[in-house]
Amino acid sequence: MMLSGWGRYPAIECRLERLRRNEDLWDLAASHDTLIARGNGRSYGDAALNPDLTLSMLAMDRMLAFDAATGLLTCEAGVLLADIIRTFVPRGWFPPVVPGTKFVTVGGMIAADAHGKNHHRDGTFGAHVASLTLATADGGVRECSRTDDAGLFRATLGGMGLTGVILRASFRLVPIETAFVMAETLPAHDLDEAMALLDASGDWPYSVAWIDCLARGAALGRGLVMRGRFLERAALAATGATHPLAPPARVHWFKVPVDAPSMLLNRASIGLANALYYRRGRMGATARSMHFDRFFFPLDGVEAWNRLYGRRGFVQYQCVLPLAESASGMAALLERVSTVGQGSFLAVLKLFGAAGEGLLSFPMKGYTLALDFPMRSGTPALFGALDAITHAHGGRVYLAKDACCTPERVREGYPGHAAFELVRTTTPGGRGRFDSMLSRRLAL
Ligand SMILES: Cc1cc2nc3c(=O)[nH]c(=O)nc-3n(C[C@H](O)[C@H](O)[C@H](O)COP(=O)(O)OP(=O)(O)OC[C@H]3O[C@@H](n4cnc5c(N)ncnc54)[C@H](O)[C@@H]3O)c2cc1C
């Protein structure tokens, strides 16, 4: 069947099989040279695509054990974050790290070593994984942790499925008293102010900024900085809320029924949408309590919002630059985007904390910028120009979002690349059995 990532570019004819039991894996894979695991297909580009065999993990969806003394949850890799949240929020627990959508699997979050709005304090999802069970290319099953098979463990955090199939994992949930977040929105008149506000928000567990990427001149990088923390029970009582641990009210509020005509996405329409959003946010800048679902996952309310970018799909450019290079590098990236006029509705800026332990993990201490663009004939050239800026400033792109980068840029950007390759070549069964369109394109 035709398969793609969330950006719907590229779309590739793949053989898709569903794994239902661990012991079926090598029967399913027997007549295929290569395979890759697939979670819920929320990576944007070609990471979860393999024409030979793409192995859906969605049926591996059982939660296996929970220790209420430590918060340690053990579950199969196909469990959705949305299901963990639905099950555990009413019991007063929350995942330690959540990306911008809850429709991802545990295996997908480990393989991408996903980050959230709390990276500056709590690191990536992988930092909270105590152990994982991995099916390797020799047909074996390995239990990996920081003490057992530590090299394979580090290669698998952020390893994009290239070390094997994650079958199950144990990680720690964190206690919450309520399902509500006290959220503050602050206007930033330019990029320097946005970065300074993020920097000054270190005491807030969660922070992120939305940037108007088409603003130019003195307003370059203007935006809204949002920061939040979970409310305690006593503080929530004062707001009059009656169900402190209420799960999300509904899954989706709205569905995009058809692909939007691509002519609707032009400099004028995107510029207007950005300017209106900025103005509305600036006027309403306040502190208020809101349900965590709105704070963490505002896009999840709109089903199939990826159709808004039209039939040809879209690509996301997400990079991180080292702290010392962030101010000049981010300005250069935004200048390039606003000059070309290929704007993005969603431009997100975030300050990361220190790099984690995953050999191919994306975050490093510095600022990360994520921008969505409709796929057009000029988009690969724009990405090439953005890559050159990222490279010149010592940064790298996020593999879970990528569809356009080159092997050279990835090798230069990821110093752990050589160690990653060493783990892969020395793991029984060898390099090459686990393979995706992304690994072929990037020679990983
Ligand atoms: C709206 C939106 C917002 C997002 N926000 C963020 C964010 O804030 N931070 C962030 O870090 N990411 C973010 N992402 C990206 C997302 O978190 C990652 O791409 C994640 O990997 C998707 O999980 P998935 O289950 O859909 O995996 P897929 O997209 O299906 O697969 C992603 C990778 O994981 C591998 N994989 C999946 N399951 C397994 C398994 N069981 N064993 C081995 N490998 C496996 C695949 O081979 C592939 O390489 C966002 C994505 C969307 C659509």
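Rules behind the numbers
Residues numbered from 1 in each chain as written. Predicted model: local features only at pLDDT ≥ 70, side-chain atom pairs only at ≥ 80, totals over all residues. Core = buried A, V, L, I, M, F, W, Y, C linked by C-beta atoms within 7 Å. Buried ≥ 20, exposed ≤ 12 C-beta atoms within 10 Å, placed from the backbone. Domains from an automatic or database assignment. Contact = placed C-beta atoms within 7 Å. Helix = DSSP H or I, 4+ residues; strand = E, 2+ residues; numbered from the N terminus.

**Q** So what's going on with the nonpolar core? Residues and values would help.
**A** Buried together is how nonpolar side chains tend to be arranged in soluble globular proteins. The biggest cluster of nonpolar side chains holds 139 residues, and the ones touching the most others in it are Ile110, Ile166, Ala194 and Ala209. Two domains each provide a minimum of three residues to this core, namely domain 1 (66–176) and domain 2 (180–408). Excluding residues that lie within four positions of it along the chain, Ala194 makes contacts with Ala188, Ala209, Ile211, Gly221, Gly223, Val225 and Leu349.

**Q** Account for unusual backbone geometry, naming residues and giving values.
**A** Backbone torsion omega between Tyr9 and Pro10 reads -5 degrees, so that peptide bond is classified as cis. Positionally, Pro10 belongs in the loop between strand E1 (2–3) and strand E2 (12–13). Notably, Asp149 is not glycine yet its phi reads approximately 55 degrees, a positive angle. With respect to the helices, strands and loops of the structure, Asp149 is situated in the loop between strand E10 (141–145) and helix H5 (150–156).

**Q** So what's going on with the domain arrangement of the protein chain? Residues and values would help.
**A** Frequently, the measure chosen for interface size is the accessible area that the parts lose on association. Domain parsing of the protein chain yields domain 1 (66–176) and domain 2 (180–408). The centre of domain 1, based on its C-alpha atoms, is set 24 Å off from the matching centre of domain 2. On the domain 2 side, the residues contacting the 28 residues of domain 1 number 25 residues. At the level of secondary structure, the elements contributing two or more residues to the side of domain 1 that touches domain 2 comprise helix H4 (119–122) and H5. Looking at the side of domain 1 that touches domain 2, the element that brings in the most residues is H4, giving 3 residues.

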